[in-house]
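Working through the structure, step by step
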Amino acid sequence: MLFANYFGTFFMYAFKAFGENKEPHPPISDETLTWAASIGSGIVNGISRITLGALLDRHGFKKLMTILMAAQLVVSLICYHAVYVPWLFFTCILLNYMSVGGLFAIFPVSVQNVFGMEFGPQIYIWVLLGSFFASLLNMFSTIWLLPVLGFQALFYVGSFTQVLALVTLYCFEEKLDVERLASYNALKNSDMETKPQPNQI
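In short, a report on the structure.

Conventions we followed
- Residues numbered from 1 in each chain as written.
- Predicted model: local features only at pLDDT ≥ 70, side-chain atom pairs only at ≥ 80, totals over all residues.
- Heavy atoms only, no water.
- Helix = DSSP H or I, 4+ residues; strand = E, 2+ residues; numbered from the N terminus.
- Phe/Tyr/Trp six-rings, centres within 6.5 Å; stacked < 30°, edge-to-face > 60°.
- Buried < 20%, exposed > 50% of the residue type's maximum accessible area, 1.4 Å probe, protein only.
- Lys NZ or Arg CZ within 6 Å of the ring centre and 35° of its normal.
- Core = buried A, V, L, I, M, F, W, Y, C linked by side-chain atoms within 4.5 Å.
- Expected span 1.5 Å × (residues − 1).
- Bend = angle between axes of the 7 residues up to and from the residue.
- Axes fitted to C-alpha atoms, helices over the stretch in contact; angles between N-to-C directions.
- Parallel < 35°, antiparallel > 145°, perpendicular 65-115°, else oblique.
- Left-handed = near helix turned anticlockwise from the far one by under 90°.
- Contact = heavy atoms within 4.5 Å.
- Nonpolar A, V, L, I, M, F, W, Y, C, P; charged D, E, K, R; others polar.

Look at the link from Glu 23 to Pro 24: it is a cis peptide, with omega at 0 degrees. Position of Pro 24 among the secondary structure elements: in the loop between α1 (2-20) and α2 (30-82).

Below is the structure:
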């Protein structure tokens, strides 16, 4: 959650300031950026949550999460240069909102699939702390690193965190941890009857 959320959170609140900068690119109009934020946060984010939630049972967490992280990686790599083309920067903003919305739609189910019906909701509370720490890192980056390094460097830091998220995802196995749950007497019949995800091994 920390790696997956770092760039998405940073770009969500930085794209307007970056887009309106007069250097090193021509500024994008406030109206264009406002429309991007409105459409992205309202329509795209909402549709992403509904669509990915519906696709989760068919395609599994790992495949959908890979698509989201790959999309954010592309955005983090091109957004600094995309700002010279307003419609492309607009698209980057929408893709970012799509990824952030989808992230919170598919994560809870995956946590429940791994930790069961009893422990899953409790574990997800701790997983959400990754989002909190990502916000803290963004705050520190904005206060101390942005004035020194600039937007481009921080966008590429975001690219690095997306790569870490993809590597972590590659090593992830989404299956019920039967032995560990049984040792805590936390295994329920409903857990055993859960339909396996397509990406289970």
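Time to look at the packing of aromatic side chains. Summed over the entire model, instances satisfying the criterion amount to 17 aromatic pairs. Here the aromatic rings of Phe 151 and Phe 155 are separated by 5.9 Å at their centres, their planes lie at 35 degrees, and the arrangement is tilted. Of this pair, Phe 151 and Phe 155 both sit in helix α4 (residues 129-171), four residues apart, roughly one helical turn. A relative accessible area of 0% places Phe 155 in the buried class. An aromatic cluster of at least three residues, connected via ring pairs, comprises Phe 7, Phe 10, Phe 11, Tyr 13, Phe 15, Phe 18, Tyr 80, Phe 89, Tyr 97, Phe 151 and Phe 155. The ring of Tyr 170 is capped by Lys 62, whose NZ or CZ atom sits 5.9 Å from the centre of that ring.

Inside soluble globular proteins, nonpolar side chains tend to come together where they are buried. Core analysis: the largest hydrophobic core is formed by 22 residues, its most contacted members being Phe 11, Cys 79, Phe 89, Ile 93 and Phe 155. Secondary structure elements with two or more residues in this core: α1, α2, α3 (86-127) and α4. Core analysis: the next-biggest nonpolar cluster, separate from the first, contains 18 residues, Phe 61, Leu 68, Tyr 124 and Ala 165 among them.

With 43 residues, α4 extends just 21 Å between its outermost C-alpha atoms, more than 12% less than the 63 Å of an ideal straight helix rising 1.5 Å per residue. Of all the bends in α4, the greatest measures close to 115 degrees and is centred on Gly 150.

As a further point, take the packing of α1 against α2. The N-to-C vectors of α1 and α2 enclose an angle of 165 degrees; their axes lie 7 Å apart at closest approach. Classified by the angle between their axes, α1 and α2 sit roughly antiparallel to one another. The handedness of the crossing between α1 and α2 comes out as right-handed. Only Asp 30, Leu 33, Thr 34, Ala 37, Met 65, Met 69, Gln 72, Val 75, Ser 76, Cys 79 and Tyr 80 of α2 make contact with α1, whose side of the interface consists of Ala 4, Phe 7, Gly 8, Phe 11, Phe 15, Lys 16, Phe 18, Gly 19 and Glu 20. Looking at the contact of α1 with α2 residue by residue, the classes come out as 12 nonpolar, five polar and three charged.

The terminal C-alpha atoms of α3 lie 36 Å apart, and with 42 residues this falls more than 12% below the ideal 62 Å at 1.5 Å per residue. Of all the bends found along α3, the most pronounced is centred on Gly 116 and spans about 130 degrees.

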